[in-house]
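Chain by chain, the residues run as shown.
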Amino acid sequence: MGTRQQNSEFDWLSEAADLNGMEHRMRAATVCVMAISITLMTGAVWAQNRAAPASVGGLETLAQRPACPGNPEALGVARVVEIDTTGGPGFGFEHFKAYDFLRDGEVVLTFDDGPWPGNTPAVLKALAEQCTKAVFFPIGKHAMWHPEILKQVAAEGHTIGSHTWSHADLSKLAPDQAKEEIDKGVSAVRVALGQPEASFFRFPALRHSPELLTYLSARNIGTFSTDMDSFDFKMRKPEQVVASVVSKLKKHGKGIVLMHDFQHATSLALPELLVQLKTSGYKIVQVKAKEPVQTLAEYDQQLEKELGGGTADSRATLSVVRTISE
Ligand SMILES: [Zn+2]
């Protein structure tokens with residue numbers, strides 16, 4: 001990855017792309033209607049089922065939840081909110097101030113640029129040990145390179161949005177190219193997982209344009225900026241990542257935190273960071289989308305072919321060909 005100073009999120013990612021070019025040949029804002037409904041008000045969620053929760057009058061019933069296995073002091077999840085992305089609402093006070101949905105002390109953990117071998121599984125392990133949940137914004141190419149890791153993210157009940165196809169700076173692209181970057185990234189997540197995920201999007205380096213926000217609005221995709229950027233991509237030591245997030249949270253009191261599961265230092269920092277969040281009294285809010293994202297068929301088909309022809313869902317193989325004796 002080199003040791004030179006990296007000043008923007010794009011610097012290190014282009015290095016990673018170069019690496020991957022060698023290691024991998026690809027196998028193949030107008031908010032009209034928006035609502036955040038609180039589907040869970042109290043208690044801690046220790047086990048999230050990816051299926052829709054049983055609800056009574058719009059509120060999930062959570063009479064009894066099993067404690068976090070092996071960790072009675074776990075951070076857990078204090079509240080789950082569901083976002084109606086109709087009209088493409090934006091979140092994160094760095095750019096979007098319309099929806100201040102977090103209470104004092106509440107934190108949303110978000111991780112960009114994965115899935116990545118080693119680092120993403122380490123982040124997942126740290127989250128699982130604290131029985132807590134996050135939102136992931138994977139890069140389309142990375143999802144296609146490592147679909148098994150993205151499937152693990154989904155299987156563990158985290159929310160998954162998207163973060164373009166190749167992490168291009170969309171503010172510098174022609175509109176049609178930028179839209180292709182967005183939609184190919186959305187389809188890559190669907191194809192890698194075999195199912196569409198949350199209708200959430202984050203711009204690379206948070207560089208958006210009014211025109212693209214209008215496009216996302218028309219596509220009913222919610223945009224996530226951040227309340228505090230950890231700048232973890234500039235850090236090599238895990239303690240720097242912990243200090244960055246903790247000090248920024250102390251200043252803001254709550255917020256959507258931007259980190260990168262792609263980053264090694266972050267993957268090492270997470271166990272200690274989560275302990276410090278717990279001991280400081282922060283509460284984790286899990287954010288879900290009311291509806292899955294609508295992908296565009298042309299990109300689904302293009303990427304399905306690249307992934308191996310015919311189907312994107314590896315489970316389909318098991319339903320077609322099954323060992324009955326050996
Ligand atoms: Zn990024």
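Whatever comes next refers back to the structure up there.
Since the model is a prediction, treat every value here as computed from it, not as a measurement. (Residues numbered from 1 in each chain as written. Predicted model: local features only at pLDDT ≥ 70, side-chain atom pairs only at ≥ 80, totals over all residues.)

Enquirer: Honestly, the sheet that holds strand β5 (residues 90-91) in this entry has me stumped. Any pointers?
Expert: For sheets, the rule is that strands pair by backbone hydrogen bonds, running either parallel or antiparallel. Spatially, three strands are ordered β5-β10-β9 in an open sheet, and the strand pairing comes out parallel. Bordering the open sheet on either side are β5 and β9 (200-201), each of which pairs with just one other strand. One ladder, built from two bridges, connects β5 with strand β10 (residues 222-224); its direction is parallel. Paired with glycine 90 across the two strands is threonine 223, which belongs to β10. (Pairing = 2+ DSSP bridges. Helix = DSSP H or I, 4+ residues; strand = E, 2+ residues; numbered from the N terminus.)

Enquirer: Explain the nonpolar core to me, please; I cannot follow it from the model alone.
Expert: Ranked by internal contacts, the top residues of the largest apolar core, which has 75 residues, are Val107, Val108, Ala188, Ala192, Val257 and Leu273. Aside from chain neighbours lying at most four places away, what touches alanine 188 is Gly140, Ala143, Met144, Trp165 and Leu303. (Core = buried A, V, L, I, M, F, W, Y, C linked by C-beta atoms within 7 Å. Buried ≥ 20, exposed ≤ 12 C-beta atoms within 10 Å, placed from the backbone. Contact = placed C-beta atoms within 7 Å.)

Enquirer: How should the packing of helix α5 (residues 175-193) against helix α9 (residues 297-307) be read in this particular structure?
Expert: Helix packing for two helices is described by the angle between their axes and how far apart those axes are. Remark: α5 packs on α9, axes separated minimally by 9 Å, with the N-to-C direction vectors making an angle of 50 degrees. Overall, the two elements α5 and α9 adopt an arrangement that is oblique. Where α5 crosses over α9, the two elements pack in a sense that is right-handed. When α5 is examined against α9, the residues Asp183, Lys184, Ser187, Ala188, Arg190 and Val191 are found in contact with a partner set consisting of Tyr299, Asp300, Leu303, Glu304 and Leu307. Class assignment of the residues belonging to the contact of α5 with α9 gives a composition of five nonpolar, one polar and five charged. (Axes fitted to C-alpha atoms, helices over the stretch in contact; angles between N-to-C directions. Parallel < 35°, antiparallel > 145°, perpendicular 65-115°, else oblique. Left-handed = near helix turned anticlockwise from the far one by under 90°. Nonpolar A, V, L, I, M, F, W, Y, C, P; charged D, E, K, R; others polar.)

Enquirer: Mind showing me how you'd approach the environment of histidine 158 here?
Expert: Its location among the elements puts histidine 158 in the loop between α4 (147-155) and β8 (159-160). In the structure, histidine 158 is positioned 23 residues away from valine 135 in sequence and 6.0 Å away in space, judged by C-alpha atoms. When neighbours within four sequence positions are excluded, histidine 158 is seen to be in contact with Lys133, Ala134, Val135, Phe136 and Val153.

Enquirer: So what exactly am I meant to see when it comes to unusual backbone geometry here?
Expert: Leave glycine aside and you will find that most residues have negative phi; peptide bonds, for their part, are mostly trans. With an omega of -10 degrees, the peptide bond between glycine 114 and proline 115 qualifies as cis. Even without being glycine, histidine 167 reaches a positive phi, approximately 65 degrees. Along the polypeptide, histidine 167 turns up in the loop between β8 and α5. A residue is classified by how many C-beta atoms lie within 10 Å of it, and histidine 167, with 24 of them, is buried. In this structure, asparagine 220 takes a positive phi of about 60 degrees despite not being glycine. By the element assignment, asparagine 220 lies in the loop between α6 (210-218) and β10.

Enquirer: I tried to follow helix α2 (residues 119-129) on my own but got confused; where do I start?
Expert: One turn of an α-helix holds 3.6 residues; hence residues three or four places apart share an orientation. Turning to α2, its buried residues number three or more, namely Asn119, Thr120, Val123, Leu124, Ala126 and Leu127. Buried residues along α2 cover an arc of 165 degrees about the axis, so they all sit on one side. Cysteine 131 occupies a position one or two residues after α2 and carries a positive phi of about 50 degrees. (Arc of directions from axis to C-beta.)

Enquirer: I tried to follow the pairing of strand β6 (residues 106-112) on my own but got confused; where do I start?
Expert: A regular strand places its side chains on the two faces of the sheet in alternate fashion. Burial analysis of β6 places six of its seven residues in the buried class, which makes it a mostly covered element. Here β6 pairs with strand β13 (residues 283-289) via two bridges, running parallel. Its bridge partner lying in β13, glutamate 106 is registered against lysine 283. In terms of strand pairing, β6 meets strand β7 (residues 135-137) through three bridges, oriented parallel.

Enquirer: Just to check I follow, could you spell out α6 for this structure?
Expert: Of the residues making up α6, those classed as buried are Leu212, Leu213, Leu216 and Ser217. Axial view of α6: buried residues confined to an arc of 150 degrees, hence all on one face. Packing partners of the buried residues in α6 comprise α5, β9 and β10. In the stretch just after α6, asparagine 220 is the one whose phi turns positive, near 60 degrees.

Enquirer: How do you make sense of the environment of glycine 114 when you look at a structure like this?
Expert: Relative to the helices and strands, glycine 114 is located in the loop between β6 and α2. A sequence separation of 32 residues divides glycine 114 from histidine 146, and the C-alpha atoms of the two residues are 8.9 Å apart. Residue contacts for glycine 114: discarding those within four places in its chain leaves Thr120, Phe136, Pro138, His142, Asp261 and Phe262.

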